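As a plain string of letters, each chain reads:
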There are 2 protein chains.
Amino acid sequence: MNHSRTDYVILGLLTVQPNLSGYDVRKAVESSIGYFWSESYGQIYPTLKRLAAKGLIQPSAFAPKSRRQQYAITPAGRESLHQWLALPFYNEPPRNEFLLKLFFGAEAPAAVSAAHIRDLNQKNRQMLATALEIEAMARRQPPQNPHQPYWMLTLTLGIALTRAALDWGESALAQIESPAPTPDLPSPHDPPSRP
Amino acid sequence: MNHSRTDYVILGLLTVQPNLSGYDVRKAVESSIGYFWSESYGQIYPTLKRLAAKGLIQPSAFAPKSRRQQYAITPAGRESLHQWLALPFYNEPPRNEFLLKLFFGAEAPAAVSAAHIRDLNQKNRQMLATALEIEAMARRQPPQNPHQPYWMLTLTLGIALTRAALDWGESALAQIESPAPTPDLPSPHDPPSRP
DNA sequence: CGTGGCATGTAAACGGTTACATGATTTA
DNA sequence: TAAATCATGTAACCGTTTACATGCCACG
């Protein structure tokens, strides 16, 4: 009776692509909503069974050579998805370990926090690069797909947030690495870093 | 033997304020790291017991009138915190329900997604306002506290991300509400919304 | 005195991951 | 035929939240 969000991930993906196996679902999650969602097999397979038992999806083609049991969404499943979409979204309690470590940064040498920030910047540069690639690719071909405008929105939010985080990261690094800028006593031992 | 992150939240907070009870920890989490972390009593109280048993914290003053059992960090606890701070941070699998619903937005009337975005904007405006207040308050008094520079960094990241999300939200709303702008066929029935 | 809120605590449930088991199929 | 990897599945565990229980103190 209790629908977890995994249910709607699967139902949603089945509206995008009509036949998916558990394996397919996993791949689809990773490749299309991977940067803001994740699912593990331990969730996916039992959920498929449960959704089928409830009639929200149904076993469809048993893919010829590939021994993959595929499923398709039913009208009832689509209905259920629509209802969920209309409910207000619920953001779970935040838990950002990077910010947690930074918050307690004064307990460690400045180099520790600096390393974390560099680490974050690295990840963000990577993320930005792939997001921009995807965006460029999507913009090249005309929007035949009714989902595409929404996908672009999720993408542009990701890009905007990553850019903001990167900007912050650079200035944060500068602040941390310049050792306590006492205005009239320029630090004697740390040469200004010029990459 | 396994240290959960709740351990380090408590140890960290005890380096900031020397004596805290379970109740205090909860309040401190909410008021100081609330926008990127959360803890429930069900975690806090058992963790306090466990940390005390391991000697990482110790019962200190039993607060006079208030029947609150307070704890203080021990040298071993501080050591443990330092070690953890030096480890790379681990960001748990992302799970953003807002983006999930937006991704499947094409399955529902555009008004549904628009409402979600407005909802998000509302939350972000709220968040930005309080963050800016805190920032202004912090900047007013000179940095007596060695933790403050790090706290400011977490704050400025929050502000930057929220601003970016708000900017995105406005343009996203505009895009969604303008019904499929066919260039040479200006939409006949939707009057341009002027707030 | 009684009631409402403060403070501590815990049992049970929950959503989710990890680790492992098992065939079946492709590739070398 | 051996090794790799595809695909499905599940049991156990884990961190966490929820809901509830309990006693204490302040205040009307």
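Relevant structure appears above.
For the structure given in this document, a descriptive report is provided here. Since the model is a prediction, treat every value here as computed from it, not as a measurement.

Conventions used here
- Residues numbered from 1 in each chain as written.
- Chains lettered and ligands numbered in written order.
- Predicted model: local features only at pLDDT ≥ 70, side-chain atom pairs only at ≥ 80, totals over all residues.
- Heavy atoms only, no water.
- Near = heavy atom within 4 Å.
- Polar contact = N/O pair within 3.5 Å; in protein donor to acceptor, adjacent residues only side chain to side chain.
- Helix = DSSP H or I, 4+ residues; strand = E, 2+ residues; numbered from the N terminus.
- Nonpolar A, V, L, I, M, F, W, Y, C, P; charged D, E, K, R; others polar.
- Axes fitted to C-alpha atoms, helices over the stretch in contact; angles between N-to-C directions.
- Parallel < 35°, antiparallel > 145°, perpendicular 65-115°, else oblique.
- Left-handed = near helix turned anticlockwise from the far one by under 90°.
- Phe/Tyr/Trp six-rings, centres within 6.5 Å; stacked < 30°, edge-to-face > 60°.
- Buried < 20%, exposed > 50% of the residue type's maximum accessible area, 1.4 Å probe, protein only.
- Lys NZ or Arg CZ within 6 Å of the ring centre and 35° of its normal.

Comments concerning the protein's contact with DNA strand C
Piece 1. For DNA strand C, the set of nearby residues contains 20 residues, the closest of which are S40 of chain A together with Y23, Y45, R67 and R95 of chain B.
Piece 2. The sugar-phosphate portion of DNA strand C accounts for 67% of its atoms within 4 Å of the protein, the bases making up the rest.
Piece 3. A distance of 2.8 Å separates a phosphate oxygen of DNA strand C from a polar side-chain atom of S40 of chain A.
Piece 4. Within the contact set of DNA strand C, a phosphate oxygen lies 3.2 Å away from a backbone nitrogen or oxygen of Q69 of chain B.
Piece 5. Elements with a minimum of two residues in the surface near DNA strand C: α1 (5–16) and α3 (41–54) of chain A together with α2 (22–32), α3 (41–54) and β2 (68–73) of chain B.
Piece 6. Residue classes in the surface near DNA strand C are distributed as three nonpolar, 11 polar and six charged.

Thoughts on the packing of helix α6 (residues 110–140) of chain B against helix α7 (residues 148–177) of chain B
All names here are of chain B.
Piece 1. For the pair α6 and α7, the least separation of the axes is 8 Å and the interaxial angle reads 155°. Of the possible angle classes, the one that applies to α6 and α7 is roughly antiparallel. Between α6 and α7 lies a crossing whose hand is left-handed.
Piece 2. Grouping the constituent residues of the contact of α6 with α7 by class yields 19 nonpolar, seven polar and seven charged.

Some words on the packing of aromatic side chains
Piece 1. Per the counting criterion, the structure on display carries 18 aromatic pairs over all chains.
Piece 2. Geometrically, the ring pair formed by Y23 of chain B and Y41 of chain B is stacked, given 6.3 Å between the ring centres and 10° between the ring planes. Taken together, the positions of Y23 of chain B in helix α2 and Y41 of chain B in helix α3 put the pair 18 residues apart, joining distant regions of the chain.
Piece 3. Classification of Y23 of chain B by relative accessible area gives partly exposed; the value is 42%.
Piece 4. An aromatic cluster is built from Y35, F36 and W151 of chain A together with F103 and F104 of chain B, whose rings are joined through pairwise contacts.
Piece 5. R95 of chain A extends its terminal NZ or CZ atom over the ring of W37 of chain B, reaching a point 5.5 Å from the ring centre.
Piece 6. A cation over an aromatic ring shows up here: K101 of chain B above the ring of W84 of chain A, its NZ or CZ 4.3 Å from the ring centre.

Distances and angles like these do not, on their own, reveal function.
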